[in-house]
Amino acid sequence: MEPYNPRGIEKRWQERWQKEDAFSVERDASKEKFYLLEMFPYPSGRIHMGHVRNYSIGDVLARFLRMRGYNVLHPMGWDAFGLPAENAAINHGIHPARWTEENIAYMRTQLKRMGFSYDWHREISTCTPRYYRWNQYLFLKLYEKGLAYRKESLVNWCPSCSTVLANEQTEEGRCWRCESVVEKKVLMQWFLKITEYAEELLQDTYRLSGWPEKVLVMQRNWIGKSTGAEVDFPVKDSDKKIKIFTTRPDTLYGVTFMSLAPEHPLAAELTSPERREEVEGFIKQVSSLTTRDREASCKEGVFTGSYCINPLTGEAVPIYVANFVLMEYGTGAVMAVPAHDQRDFEFARQYGLPIKVVIHPPERELNPDGMEEAYTEPGVMKDSGPFTGLPSEEAKEKIVEMLEELRMGKKTVNYKLKDWGISRQRYWGCPIPIVYCEGCGTVPLPYQELPVILPLDVNLTGRGLSPLKGHSFVNTTCPRCGRDAQRETDTMDTFVDSSWYFLRFTSPHTEDAPFKREDASYWMPVDQYIGGIEHAVLHLLYARFFTKAMRDMGLADIDEPFKNLLTQGMVCKETKRCPECGYLSDDECQDGRCKHCGREYATGAVEKMSKSKKNTVDPDSIIERYGADTTRLFTLFAAPPERDLEWSEEGVEGGYRFLNRVWRLVTEHLPLIKDVEPYRGGERLDGPLEEIRHMTHRTIKKVSEDMERRFHFNTAISAIMELVNSLYLWNRDKEDEPARMVLKEALQTVVALLSPFAPHIAEELWEKMGNTTPLYRTAWPEYDPKAIEKEEVLIVVQIDGKVRGKLTVPRDATREDVEERALGDEAIARWLEKRTIRKTIYVEGRILNIVTAQR
RNA sequence: GCCGAAGUGGCGGAAUUGGCAGACGCGCCAGAUUCAGGAUCUGGUGGACAUUGCGUCCGUGGGGGUUCGAAUCCCCCCUUCGGCACCA
């Protein structure tokens, strides 16, 4: 008998799919569309297990939905601009363009070797002028709308990547990519006005019912809306005002000092001559610290020598510069109410500043001297002029009203979200289509001059500012006045590229627009998006913003790009650690010892696969050894998609064993089933055959439901395994025609149900069974509702909640029948000897519980 | 500190609406086949006790509760992971 040979089979079917153009799609109004998208990869060189998992999950759905009759758009492309390409150029002298192209070429073959069913005609790469010209086009549109602007600002600077990072791209004061500690720098920067959409981005999170709550919460936190008031505090003996933001206008009467951020423009200005040295020293010291160190240090501050006036009380309070006040949030100035804010409380205690209680709690009296912490809850107003005695929540509104009347403040909503800084001082990215002219200033390029092509002949050193700075690329003429002018040399953040690529996939070859409107209207929104959670507030927020901005520019007609989102878990594996040599890869281990130093190594925690932990597994080696079908099957079987997956070589073996089992089961029975039709209902079957058919159809139901309702591929696969196991145990004579027909139906079902998971072996067996239409063009099996109903059902009999027996009764048995049978059952009767029946509970077709009292 | 998710055999995990806990897989044990090993097939495999038979008791992180019945619902606590964290 022919053994299972994944290599040959997989190659053969991949060639056939390609030849038959099996997965290309067109707009087709007569079919229901389904846009299935997985986050496209950065072409780093080779795919990793995270990609394999992400794309396997996507491919199962794509293949399943196609068989279900949907017109499935399932594209793939490359997020091809980015720093690693440039670093490769610097370290290995290879041009970023070539490096990227070669990586794409290799990774494309890897994806094809996995058998993923993409429409390769739609492949896009963001580093090609044909793609990025539309980036530039969109940038100009945003500029026209006032949604792109340039300003000097304090930015996050990653010294290792030598470029700016957006707020979203730093984590705990470190670069999201290389983990270097981020510095602060003042630079001229292009920004996109994402804050214009803060409210809508926030509100729509409450409508994205197809997204994981976790991601929505993260986005809401990031947007960070808070409602409060802006209040002006005039500076004493000056015409300056300090504007503050507070969420607690009800505590205005309790202000005892003012705190400014060290970067606040008024900080230096308001400092009196005799305090200048101290204040400037303090500011210098604080601003030399990284964000991270600043957050770690304790509360400190210095008095500026100036005072400001509380607009309601007329009282003068001292102005401090304090290290815990952030210039980035609110107005960079905070009215300090030590009695009702913990930070102000600590600061006041440290510097001996007064504490004034203006809200008292319901059941106790607050004594400023005895307080151990600030009282931050609502309460009743006290010592607050006309507001005394009001509940604080009510006073909040009233005080804001009064401020508005006095023109000293107003109700405000503040967001933590900042505008998106997109300038990057690096080479391998999309040029910003802007020209600087001495006469005309900042001039956007006219649309017909796009694309601004990134020059290829550059000298990359990795030092200094953008490599484009000294290049002839810079020199141009002003589109407005025709005189000599200079191009912008910063390139765009690569997150711009990925903020709209899903739209480009709907019409990737369109040359006169970013995409065709009709195509986008037909395909959008993405019905199912799949990717890692690491983009919860990066890519996923930017893409939502772009979609809304494009809608308002009249380019798209949707509010949200991704209807359903699945965030898959990480691929993990245990780590091995040598006390001498650190982390070890599998190759560095032998017989429990480190190959380098011979010491015994310790088996460590199960952690996300990463090069630094040396616990990665190369997909190529797994495909080589077991084939793509096994690789796919294992990643789908080992855990449900949203959970972390623990890699196990034994588990992979198990998957391979299963496919071999299927292979043998089908090929062994080929002679029997070749010349019959699969059973399709009709003539009556005897008991054992009925049972097989019942199993077959129950499996169809179970697999279909697990696939579409829950994406629980692991349980879907286990159901197929059960069917295979029971077919192996079929030990009666299979020669008669009904048996052969039922067998054929069962085997065809196994193969069809398996096909989204392991498409190559499934196609091969399907063909061997005599089918001429390939599975990818075959409809998904439907179950026969009559076949899944059983003539008899199993009733569990409990006595006082404990299982004491089981009865097989006819499906239509009544409660009385079941009770009678139960009481007549010998084992159950024995349990009832010493008890009196109080009542019985009967759940139809499931359980009979007899509740008793001890006699 | 705040918010969220999770905790089930030796391991990965299942139990869809409150109704037989442990499906399926891995590992392990035994049998068949084999000169042998591997592969394959079959059976067993939560714990304790009993294994002369049926079996009995315990068991889903811990404690309490609701219910005829709880892995599932409620309250308290513990642990792990993730996110946020001077946000005024």
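In the block above lies the structure referred to throughout.
Definitions and cut-offs
- Residues numbered from 1 in each chain as written.
- Chains lettered and ligands numbered in written order.
- Predicted model: local features only at pLDDT ≥ 70, side-chain atom pairs only at ≥ 80, totals over all residues.
- Heavy atoms only, no water.
- Helix = DSSP H or I, 4+ residues; strand = E, 2+ residues; numbered from the N terminus.
- Buried < 20%, exposed > 50% of the residue type's maximum accessible area, 1.4 Å probe, protein only.
- Lys, Arg positive; Asp, Glu negative; His and termini not counted.
- Salt bridge = Lys/Arg side-chain N within 4 Å of Asp/Glu carboxyl O.
- Contact = heavy atoms within 4.5 Å.
- Near = heavy atom within 4 Å.
- Polar contact = N/O pair within 3.5 Å; in protein donor to acceptor, adjacent residues only side chain to side chain.
- Nonpolar A, V, L, I, M, F, W, Y, C, P; charged D, E, K, R; others polar.
- Phe/Tyr/Trp six-rings, centres within 6.5 Å; stacked < 30°, edge-to-face > 60°.
- Patch = residues over 30% accessible without salt bridge, like charges linked within 9 Å, V, L, I, M, F, W, Y side chains within 5 Å.
- Areas by Shrake-Rupley, 256 points an atom, 1.4 Å probe, with all protein chains shown as cover.
- Charge placed at Lys NZ, Arg CZ, Asp CG, Glu CD.
- Axes fitted to C-alpha atoms, helices over the stretch in contact; angles between N-to-C directions.
- Left-handed = near helix turned anticlockwise from the far one by under 90°.

Chemist: How do you make sense of the side chain of Arg 740 when you look at a structure like this?
Modeler: Take Arg 740: it is sitting in helix H22 (residues 737–754). In this structure Arg 740 is buried but unpaired, with Asp 675 as the nearest side chain of opposite charge at 4.6 Å. In this structure Arg 740 touches Leu 672, Ile 673, Asp 675, Val 676, Lys 734 and Glu 735, once residues within four positions along its chain are discounted.

Chemist: I tried to follow the protein's contact with RNA strand B on my own but got confused; where do I start?
Modeler: Close to RNA strand B lie 53 residues, the nearest being Thr 246, Tyr 329, Arg 343, Lys 416 and Asn 849. By atom count, sugar and phosphate contribute 66% of the portion of RNA strand B lying within 4 Å of the protein. Note that a base oxygen of RNA strand B is positioned 2.9 Å from one of the side-chain N or O atoms of Arg 709. Between RNA strand B and the protein, one listed contact pairs a base nitrogen with a side-chain N or O atom of Gln 798 at 3.5 Å. With 7 residues, the top contributor of residues to the surface near RNA strand B is helix H21 (residues 713–728). Taken together, the residues of the surface near RNA strand B break down into 21 nonpolar, 11 polar and 21 charged.

Chemist: Looking at this structure, I do not really get the packing of aromatic side chains. What am I missing?
Modeler: The description of two aromatic rings rests on the distance between their centres and on the angle between their planes. Taken as a whole and assessed by the stated rule, the structure comprises 45 aromatic pairs. Seen in terms of ring centroids, Tyr 4 and Tyr 656 are 6.0 Å apart; in terms of plane orientation they differ by 40°. Their pairing is tilted. Highlighted residues: Tyr 4 in the segment before helix H1 (6–19) and Tyr 656 in helix H19 (residues 649–673), separated in sequence by 652 residues. Of the residues examined, Tyr 4 reaches a relative accessible area of 7% and is grouped as buried.

Chemist: I'm lost on the pattern of salt bridges in this one. Help?
Modeler: For the structure on display, the rule yields 58 salt bridges. With a closest N to O distance of 2.5 Å, Glu 764 and Arg 12 form a salt bridge. One end of the pair, Glu 764, is in helix H23 (residues 759–768); the other, Arg 12, is in helix H1, with 752 residues separating them in the sequence. Of the charged contacts in the structure, one is a salt bridge between Arg 551 and Asp 552, with a shortest N-O distance of 3.0 Å. On the basis of relative accessibility, which here comes to 35%, the residue Asp 552 falls in the partly exposed class. Ionic contacts of the salt-bridge type, sharing partners, join the residues Glu 200, Asp 204, Arg 207, Arg 544, Lys 548, Arg 551, Asp 552, Asp 559 and Glu 560 into one network.

Chemist: Honestly, a negative patch on the surface in this entry has me stumped. Any pointers?
Modeler: Among the surface-exposed residues, Glu 397, Glu 401, Glu 404 and Glu 405 lie close enough to one another that they form a single negatively charged patch. You can see Glu 401 is positioned in helix H12 (residues 392–405). Note on Glu 401: relative accessible area 45%, which makes it partly exposed.

Chemist: How should I be thinking about the packing of helix H3 (residues 83–92) against helix H4 (residues 96–113) in this particular structure?
Modeler: Packed helices, taken two at a time, are described by their axes: the angle between them and the distance between them. Close contact between H3 and H4 brings their axes to 8 Å; oriented N to C, the two are set at 120°. Considering only the axes of H3 and H4, their crossing is right-handed. On the side of H3, the interface is formed by Pro 84, Ala 85, Glu 86, Ala 88 and Ala 89, while H4 contributes Pro 96, Trp 99 and Thr 100.

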